[in-house]
Amino acid sequence: MENLRRPLEKGKIYTGTVEGYSSDGCGIVRLDGAVVFVPRAVRGETVDLRITKVMKSSSAGEIVKIHAPSPERAKPECPYFGKCGGCDFQHLSYPEELWAKRQRVQDALKRLGGTDIQVEEILGAGAPLHYRNKSQYPVGPGGSIGFYRARSHQVVPVDRCLIQPEVSDRTAKAVGDWMRRYKISAYDESTGKGLIRHVYVRVNARGESLCCVVANGKQLPREPELAALIQASAPQTVGVVLNINTRPGNVILGDRYRTIWGRDFLMDTLCGLEFKLSVPSFYQVNRAQAEVLYGKALEFAALTGRETVLDLYCGTGTITLCLARRAKRAIGAEIVPPAVADARENAARNGIENVEFFCGDAAAVAAQLEREGLRPDVVTVDPPRKGLASDTAASIAGMGPDRVVYVSCDPATLGRDVKIFAGFGYRADRACAVDMFPATRHVESVLRLVRSHTV
């Protein structure tokens, strides 16, 4: 009779060795064939762990004792690590964090994409702290401002965040001071009552900032005082904007804006081009690494100046305009109307005339352009975490581009989409990872797909 493995017992302590990392940054320990996910474990360590949860196909555990700490284990600098859900890897050395992220992309491409392509490299950040140019601070009951605890909507009050610019933290604190001074209520998700929901701050390379207060209402009490406090805390603020979001749910931004003071946009320079950024415009949160990412995307596009390029999910036109400088013609598509308006203005501002932008869902625009007979040489995509819709991939393949350059912020959906493209005759031939989000589990990657007959 076949021996059956005895299931792990909740509360029992076991000893095992950490083999690697899961997609959410936990260490992976295998006990008698059973997979256990262990937060803040480091590859190579032998640990005593207590089983905290037993699930159908895996278990969760917590470290009780580390027999010999790994040389890659680091002391977290942030006092909120383990409480705030923003960072996952502050207990790792930076080289080990990069290894974990590269391996995550590699595993997804093999396991979900069915391809043996090797991830050539991971391009690490020169400055892994204070890199975020967009900060979104939820406001909790009682006016606490910080970040959500992992897997919850409980706000952990945070005074100083190591991955946000100091000016963003000062701006958020100014809003909190204004709330307390004038007894301004915070929004309560459970009741739908209260006013202030989020504080949103953009910062450019010159240190200028734009503050947006997201509120459950069309007006704020003491608006001049709010603007004055923000300017006093962050003198390089260029504007204070109210975003009106009266809808239930956890979507941060509503679709209505009103400028309280100054202007409602920020200017920034990326890849030698100047961009106008309104509050809802998509823009990579790590400017320095965005230049690295786009440089790699341009390398994979392999443009000679004779090509027509289609860029889906183009945001404010950052990738599109970079492509246009090396292509004969570039077309961008984006679903957010203010972002498309910014993209058109950005093209004019930078004197780029061989580009046009469409406003609409990527799948719908791709299908329309396919019906109109567009035959781009190269298609680039930079979708959200959910990846491409299946009809988008079909429309791209229907246009017959020689190359598809896929910029991804989620290895799992990238792997899934690589497999979908394989069904249309495209195979992956180059891939690399880029660390856009140091200290977090998130990783960007760039992958090139080529039509089989072009290889």
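Predicted model, so just to flag it, every value in this text is computed and none were measured.

**Concerning the sheet that holds strand β21 (residues 426-434)**
Spatial ordering of the open sheet is given by β6-β21-β22-β20-β19-β16-β17-β18, a layout of eight strands whose pairing is mixed. At either end of the open sheet lies a strand with only one pairing partner, and these are β6 (122-123) and β18 (355-359). This element, helix α8 (residues 390-399), spans β16 (308-312), β19 (378-381), β20 (403-408) and β21 of the sheet and lies at about 180° to β16.

**As for the packing of aromatic side chains**
Across all of its chains, the model carries four aromatic pairs by this definition. Between Tyr21 and Trp99, the ring centres sit 6.3 Å apart and the planes meet at 70°, which makes this aromatic pair edge-to-face. On the criterion of sequence distance, the pair formed by Tyr21 in strand β1 (residues 13-21) and Trp99 in helix α1 (residues 94-111) is long-range, its members being 78 residues apart. Among the residues examined, Tyr21 registers a relative accessible area of 12% and is labelled buried. Looking at Trp99, the relative accessible area reads 31%, which means it is partly exposed. Where Phe421 meets Tyr426, the ring centres are 6.1 Å apart and the plane angle is 75°; that geometry is what we call edge-to-face. Here the two residues Phe421 and Tyr426 agree in accessibility, since each one is buried. Taken together, the ring pairs connect Tyr21, Phe89 and Trp99 into an aromatic cluster. The ring of Phe81 carries Arg40 above its face, with NZ or CZ at 5.9 Å from the centroid.

**A few points about the layout of surface pockets**
In this structure, the second largest pocket occupies an estimated 410 Å³ of space. Within the residue set of the lining of the second largest pocket, elements represented by two or more residues are β1, β2 (27-31), α1 and α9 (411-422). Per-element tally for the lining of the second largest pocket: the top contributor is α1, with seven residues. Its residues placed into classes, the lining of the second largest pocket shows eight nonpolar, four polar and five charged.

**What about the pairing of strand β22 (residues 444-451)?**
Within a regular beta strand, the side chains point alternately toward one face of the sheet and then the other, so they alternate between its two faces. For β22, the tally of buried residues reaches seven of eight residues, placing the bulk of the element in the interior. In terms of strand pairing, β20 meets β22 through six bridges, oriented antiparallel. Across the sheet, the residue bridging to Val407 is Val446, located in β22. Looking at chain direction, β21 and β22 are connected through eight bridges and run antiparallel. The residue of β22 that forms the bridge with Val434 is Glu444.

The rules behind these values
Residues numbered from 1 in each chain as written. Predicted model: local features only at pLDDT ≥ 70, side-chain atom pairs only at ≥ 80, totals over all residues. Heavy atoms only, no water. Pairing = 2+ DSSP bridges. Helix = DSSP H or I, 4+ residues; strand = E, 2+ residues; numbered from the N terminus. Contact = heavy atoms within 4.5 Å. Axes fitted to C-alpha atoms, helices over the stretch in contact; angles between N-to-C directions. Phe/Tyr/Trp six-rings, centres within 6.5 Å; stacked < 30°, edge-to-face > 60°. Buried < 20%, exposed > 50% of the residue type's maximum accessible area, 1.4 Å probe, protein only. Lys NZ or Arg CZ within 6 Å of the ring centre and 35° of its normal. 1 Å grid on protein atoms, 1.4 Å probe; cavity = no way out; pocket = protein on both sides within 12 Å on 5 of 7 lines; lining within 4 Å. Points joined across faces, edges and corners; volume = space filled by probe spheres on them. Nonpolar A, V, L, I, M, F, W, Y, C, P; charged D, E, K, R; others polar.

Interpretation note: all reported values are geometric properties and have no functional meaning in isolation.
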